[in-house]
Every structure is written in structure tokens, then in C-alpha cells.
Amino acid sequence: MVATRASAVLGKYWDGYLPVNVEAIASAMGVEVRYEFMGETSGEIHLEDGRPIMRVNEWDAPVRQRFTIAHELGHYALGHLREDGQKFFRDDRSHYSMSASRLERDANHFAASILMPTDAVHYVIQNGHATTLPALTEMFGVSRAAMQYRAANLGIIER
Ligand SMILES: [Zn+2]
């Protein structure tokens, strides 16, 4: 379900270039992205009069900011934000670790799926555009840990 939703979002909003411009996708989906100093918080997303507003820690490294945007976008795209329910998600630096909450795991799965689209990962490897972990992390604009985890999930490398 998460992968299906991510594919639909990519199909509709992604221009096909790497690294995937997650901020442009968020904007196209009507999410306002603001950069602010947020201490130990990586990012958050909330509804303001029904409109999704995302805040990203401007002090974080670009690779982390990209993951944060993709993760927060996941909360929105997967319907986690509700006017009649939870209107607010805040995420600290534990983003990359396995979270206990299913919503957080789903948001991470969504983030990985749009930052490292399945077809694109297979394509660049099969065509020799990037075959090493450093080359892949560079091409997809993600952390080494995120790329490694995704590659294992896609069955490209062993866990
Ligand atoms: Zn979250």
C-alpha cells in the first residue's frame, strides 16, 4: 500500500531526473515547505486551516533535509494528517532508526520509495551508471545508511 502510493506520487509529480527533487514534488502537491532552525527536531508537518505546512531544520545537512522532506511528505500522502484526528507530526533525529510506530515506519518506507524509486535503482545498476554504494548515494542524494537499507529491501545486496 505504501509502495503503491509512492509509485502513484512519482508517476504524477516526478520529472524523472535524479536525484529526485522531493521539495518540488511536495510543492506540486500543495505542501508549503519552510526552513527554520529547529534544535534536535529534523522536521514536522501539520495542517493549518486544512493546508499542509512542513517545517525542515535548516541546520541539517542537505541529505538529511531531503530525507526529512520525503518522510514528512509521507505523513501527508499516506493520509496520516486528519482534521478530525492527528493534525501534527514532529520527527526528531531518530528518523533513520526503526521506530515503534507503524505510521513512522510507513513514512520512512514512503520516503525511501520516492527518494530511491525501484525502477531507477535497478536501471542505474544494470546500465552501469552507478554500481558502488558511494556512487549510488551520490546519484540518489541519500545517506549511505538509507541506500544500504533500500538496496537490501530491493534484494540488490544481502542484509
Ligand atoms: Zn514521522
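These remarks concern the structure in this document. From a predicted model like this one, the values you see are computed outputs, not experimental measurements.

### A few points about the overall build of the chain
Working step 1: Secondary structure summary: the chain contains seven helices and four strands in total.
Working step 2: Starting at the N terminus and walking to the C terminus, you meet the elements of the chain as α-α-β-β-β-α-β-α-α-α-α.
Working step 3: For the chain, whose C-alpha radius of gyration is 15 Å, the value lies close to the compact-globule estimate of 15 Å for 159 residues.
Working step 4: With the principal axes as the frame, the chain shows a C-alpha extent of 45 × 30 × 25 Å.
Working step 5: When burial is assessed residue by residue, the chain has 45% of its 159 residues classed as buried.
Working step 6: Contacts in the chain between residues at least 24 apart in sequence constitute 56% of all its contacts with a sequence separation of at least 6.
Working step 7: About 8300 Å² of surface is accessible on the chain, with carbon and sulfur atoms providing 50% of the total.
Working step 8: Of note, the chain has its 16 positive side-chain charges centred 4 Å away from the centre of its 20 negative side-chain charges.

### Describing the packing of helix α3 (residues 62–77) against helix α4 (residues 102–115)
Working step 1: Two elements in contact, α3 and α4, have axes whose closest approach is 8 Å; the angle formed by their N-to-C orientations is 120°. Relative to α4, α3 is oriented oblique. Here α3 and α4 pass one another in a crossing that is right-handed. Residues R66, F67, A70, H71, L73, G74, H75 and A77 of α3 form the contact with α4, whose own contacting residues are L103, E104, A107, N108, F110, A111, A112, I114 and L115.
Working step 2: Class assignment of the residues belonging to the contact of α3 with α4 gives a composition of 11 nonpolar, four polar and two charged.

### As for the pattern of salt bridges
Working step 1: What the rule picks out here adds up to five salt bridges.
Working step 2: Among the ionic pairs, R34 bridges to E32, the shortest N-O distance being 2.9 Å.
Working step 3: When the shortest N-O distance is used, the salt bridge between R102 and D106 registers 2.8 Å. Of this pair, R102 and D106 both sit in helix α4, separated by four residues, roughly a single helical turn.
Working step 4: Taking the relative accessible area as the measure of exposure, D106 reaches 15% and is therefore buried.

### Quick notes on the layout of surface pockets
Working step 1: Its volume calculated, the second largest pocket comes out at about 200 Å³.
Working step 2: Together, A3, A6, S7, L10, W14, H109, S113, P117, T118, D119, A120 and R150 line the second largest pocket.
Working step 3: Of all the secondary structure elements, the ones that give two or more residues to the lining of the second largest pocket are α1 (2–13), α4 and α5 (118–126).
Working step 4: Of the residues forming the lining of the second largest pocket, the biggest block, four residues, is contributed by α1.
Working step 5: Considering only residue class, the lining of the second largest pocket consists of six nonpolar, four polar and two charged.

### Some words on the coordination of the zinc ion
Working step 1: Distances from the zinc ion to its protein donors, H71 (NE2), H75 (NE2), D91 (OD), D91 (OD) and E104 (OE), fall within 1.9 to 2.5 Å.
Working step 2: Counting along the primary sequence, the residues that act as donors to the zinc ion give the motif H-x3-H-x15-D-x12-E. Of this pair, H75 sits in helix α3 while E104 sits in helix α4, placing them 29 residues apart in sequence.
Working step 3: Exposure remark for H75: the relative accessible area of 0% places this residue in the buried category.

### Digging into α1
Working step 1: Relative to the 16 Å expected for 12 residues at 1.5 Å per residue, α1 spans 16 Å between its end C-alpha atoms, a close match to the ideal helical length.
Working step 2: Residues of α1 that are buried: V2, A6, V9 and L10. Looking down the long axis of α1, one finds its buried residues gathered within 100° of arc, a one-sided arrangement. Facing away from the buried side of α1 by over 90 degrees, the exposed positions are T4, G11 and K12.
Working step 3: Close packing links the buried residues of α1 with α2 (22–28), α3 and α4.

Rules used throughout
- Residues numbered from 1 in each chain as written.
- Predicted model: local features only at pLDDT ≥ 70, side-chain atom pairs only at ≥ 80, totals over all residues.
- Heavy atoms only, no water.
- Helix = DSSP H or I, 4+ residues; strand = E, 2+ residues; numbered from the N terminus.
- Rg over C-alpha atoms; globule rule 2.2 N^0.38 Å.
- Buried < 20%, exposed > 50% of the residue type's maximum accessible area, 1.4 Å probe, protein only.
- Contact = heavy atoms within 4.5 Å.
- Areas by Shrake-Rupley, 256 points an atom, 1.4 Å probe, with all protein chains shown as cover.
- Lys, Arg positive; Asp, Glu negative; His and termini not counted.
- Charge placed at Lys NZ, Arg CZ, Asp CG, Glu CD.
- Axes fitted to C-alpha atoms, helices over the stretch in contact; angles between N-to-C directions.
- Parallel < 35°, antiparallel > 145°, perpendicular 65-115°, else oblique.
- Left-handed = near helix turned anticlockwise from the far one by under 90°.
- Nonpolar A, V, L, I, M, F, W, Y, C, P; charged D, E, K, R; others polar.
- Salt bridge = Lys/Arg side-chain N within 4 Å of Asp/Glu carboxyl O.
- 1 Å grid on protein atoms, 1.4 Å probe; cavity = no way out; pocket = protein on both sides within 12 Å on 5 of 7 lines; lining within 4 Å.
- Points joined across faces, edges and corners; volume = space filled by probe spheres on them.
- Donors = N, O, S within 2.8 Å, 3.2 Å for Na, K, Ca; no water.
- Expected span 1.5 Å × (residues − 1).
- Arc of directions from axis to C-beta.

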